[in-house]
Every structure is written in C-alpha cells, then in structure tokens.
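# Summary of structural features
Residues per chain are reported as follows:
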Amino acid sequence: MEKGLREWVRRIAAGLAVIALIMTLAAGCGNKKEQKVEPALTPVSVEKAKLADAEKISVYTGALKGIEETAVYPKLSAAAGAVKVVAVMVKPGDRVSQGQTLVQLDSSDLDYQIRAYQAQLDGLVAQKEAAAARLANLKQTLDRTRFLYDQGAVSKSDLERAETEYDAAVAGIKQLDAGIAGAQANLENARHNLANCSVPSPISGTVGTVNVTAGDSVTAQTPVALVSNTSKLQVQVNVAEAEVGYVRPGTEVEVYVRAASPQPFKGKVDTVAAAADTRLKTYPVKILLENPEGQLKSGMFAEVHLPTLAKHQVVTVPQEAVVAKGARRVVYVVDSKSIAHERPVTVGIENESLAEITSGLKVGEPVVVKGSTLIRDGDKVKIVAGGVEK
C-alpha cells in the first residue's frame, strides 16, 4: 500500500516538473524581442557641385592629308604621245627626297626622233643657204634689169619676169624659215622629253601610291605616283555657322585617329575660313598635327574634338551625375542623413567630363556621381569612395 502511494507521488512530481519546464520555456519565448531585418543600402559615390570652367566640345570628322601632297606627272609635251614605262624605282611607303627618280620612261623612240629632227633641220638649213645664194643673184639680176628698162634697153616683160623670179625666191626663203623653225621646235621638244624620261619627286616625303608598272604607257596627263610630306599633317573640318565664331587659330584640340592609336593626338587650329563654303554652308577650319614618329598616314580618318562655346567659373558636376528622366534632367542630392533626393536641373554646356548646371543646384551640394541609376527619390544610400564606406 505504501509502495503504491510512493509511486503515485513520484509520478505526480514528475508531471509537475514537466509542466513547470514548459511554462518556463513559454515565458522565455514570450519575453524575446522580434528581430528586424534592415534593407540593404545602395552604395553610391558622391561629389560636391563646384565652380569650374566649362566648354562645349563639338566633334567633326575629316581625312588626314600631308601639308605638302602632290600627284606626280611626267613632264612630257603633249606632242610626245604615249611613252612606255621601263622601270618603277619606288613602292608605297618609301621615303624619297626632292628630285629622286620615281619612274623611268623609255627613251629609245626619243633618241630616234632627235636624230630625225636634227637631220631634217640640217637639210633645211642647207637648202636655205643655197636659196639665199640664189636670191642674191636674182637680186642683182633684178637691179640690172630695172636699170636697163629705165634706159629702154629691155622690155617690160623682161622686167616683170625678173621681178617674179625674185619674189618667188623670197617666198621660198620664208617657207624654208618656217620649216626650220618647225624642225627646231620638234628637236627641242624631243630633247625636252628625253631629259624628262626620269620622272622625279617634286618634294621630299613619303610615297603614298604608285599608279603604274613596267610596260605601261603614260602621257603628260598620267599621274604616276602620289607623294606626301607627312612630317606634319592637316585635317580640314567644316564647322557650323553657330560654332565657328568660337574657334580661334592657335587653339589646341584633341584629334582621334583610331587606325593609329586609341589615344588622342594633339593638334592646333591653323586657319579659320572668313567665308562659308557656298555649297555646304559651313566654314572650313584646318588643324595641323605633328607626326614625328610617322604613326599617322595621309588618308586616315580623323575625329576632331573642337572646343567651341566656353564659360568661366560656372556651377558644374561630373557628367555622369546627370540622369535623363524622359524629357527631364535630374541629379540626386544626398542630405546629412544619407537620404537621396531627386532634384530637377537645367543643363547648359556639356562635354565628355563636365556638365554645367544653370539652375536647380548650388555650389557645395553633394550629388550622386556613381550609382545614380540604381536609386530613387527618398532612398537611403551608403556613401562610398573608391569602394570603401566613408
């Protein structure tokens, strides 16, 4: 009996202990505070609006050209006709000096022509000498006949015959003079062509193209080669009327020639046309580029970044701070609590790095530069610099 009672008490005590443990655990859970999950903040880079000089950069394109560039033609006379090329002495890319032979022409026909014209000339000169001697005799005969006619010793027909023979001799002399002049001209022309069978470069520079090969026939109108002085090159761009007034000779510009280098070359405005091109209604502007290492070649495509409109000490922000929202332009201004506020702004001059803000922002206000496309008005942000939180 007592043993059963003790067993019943033991079970009751164990049950009460379990109930107490459950209540303790329940009470502990009821006292625990709920855990809040904070949203992740968008990291952004911030810079302050500042006063700076702003200039508009307009991009114009053109082709590079040597400051001296000439097509080379044989110095043959028109009467020479076609002359065969016997040798081409250069190839594209060769450096040449002024007077250096580029192409050699066949001189054999010209040698023959010179001998023929010389023989013709010698023959005509000999004929004239004989004709001159005969003319002198006819002059004496005419003078004597006139004297005798005045004395009544000869008839009028005798005088007329003497005059006719003399006039014919004079005409013959004139004809021979014309023949001699023609032969002399042909001879000089042939000698001129012979002297120009070596076609030289008129300038020192680089051979751009060679348009003939051995065996081709050329005339005075055939461009045999193109030679450029590429130690300095020029590019001409056509600037719009609204911008040409801001362009000044001597202004330094950046010129991108992607075929030669991804980095820009330094150029300088050489001339600005005073009158517009009547066809294009734009103003030709020439830019010069130094080319000491020979990277640039005539004909390469060039992109000129030309400073036009400029303002001094205006409110500016980095270009990437300005975000397009449809037709609006906005920046995000960050307050002291790291809250980003969308601010509509009016943009003036823009270039690749800066944007002028004409209204909507004051100097010193911090704006989001990187990360502006990832946030909205009222977002709390985490300000970082170079990837490290401030």
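Since the structure is predicted, the reported quantities are computational estimates derived from the model, not experimental observations.

### Focus on the packing of helix H2 (residues 108-151) against helix H3 (residues 156-195)
Interhelical geometry of H2 versus H3 gives an angle of 160° and a closest axis separation of 8 Å. The angle between H2 and H3 places the two elements in the roughly antiparallel class. The crossing of H2 and H3 is left-handed. The residue makeup of the contact of H2 with H3, split by class, is 24 nonpolar, nine polar and eleven charged.

### Points about the pattern of salt bridges
Overall, the coordinates contain 13 salt bridges when judged by the stated rule. Taking the shortest distance from any N to any O, the salt bridge between Lys-128 and Asp-177 comes out at 2.6 Å. Of this pair, Lys-128 sits in helix H2 while Asp-177 sits in helix H3, and the two are 49 residues apart along the sequence. With relative accessibility at 32%, the residue Asp-177 sits in the partly exposed group. Put simply, Asp-158 and Arg-161 hold a salt bridge, and the shortest N to O gap is 3.0 Å. Here the residue Asp-158 and the residue Arg-161 both occupy positions in helix H3, the gap between them amounting to three residues, near one helical turn.

### Describing the side chain of Asn-196
Inspection of the secondary structure puts Asn-196 in the loop between H3 and strand E6 (198-200). A relative accessible area of 14% means that Asn-196 is categorised as buried. From its side chain, Asn-196 meets the backbone oxygen of His-192 in a polar contact 2.8 Å long. Leave out the neighbours within four places in its chain, and Asn-196 touches Lys-75, Leu-76 and Leu-105.

### Structural notes on the environment of Val-210
For Val-210, the location among the structural elements is in strand E7 (residues 205-210). Between the alpha carbons of Val-210 and Val-88 there is a distance of 8.5 Å; along the sequence they are 122 residues apart. Excluding residues that lie within four positions of it along the chain, Val-210 makes contacts with Val-88, Val-90, Lys-91, Pro-92, Val-224 and Ala-225.

### Concerning H3
Count 3.6 residues to each turn of an α-helix, and residues three or four apart come out pointing the same way. The first and last C-alpha atoms of H3 sit 58 Å apart over 40 residues, in line with the 58 Å expected at 1.5 Å per residue. Among the residues of H3, Leu-159, Ala-162, Tyr-166, Ala-169, Ile-173, Leu-176, Ile-180, Ala-183, Leu-187, Ala-190 and Asn-193 are the ones counted as buried.

About the cut-offs
Residues numbered from 1 in each chain as written. Predicted model: local features only at pLDDT ≥ 70, side-chain atom pairs only at ≥ 80, totals over all residues. Heavy atoms only, no water. Axes fitted to C-alpha atoms, helices over the stretch in contact; angles between N-to-C directions. Helix = DSSP H or I, 4+ residues; strand = E, 2+ residues; numbered from the N terminus. Parallel < 35°, antiparallel > 145°, perpendicular 65-115°, else oblique. Left-handed = near helix turned anticlockwise from the far one by under 90°. Nonpolar A, V, L, I, M, F, W, Y, C, P; charged D, E, K, R; others polar. Salt bridge = Lys/Arg side-chain N within 4 Å of Asp/Glu carboxyl O. Buried < 20%, exposed > 50% of the residue type's maximum accessible area, 1.4 Å probe, protein only. Polar contact = N/O pair within 3.5 Å; in protein donor to acceptor, adjacent residues only side chain to side chain. Contact = heavy atoms within 4.5 Å. Expected span 1.5 Å × (residues − 1).

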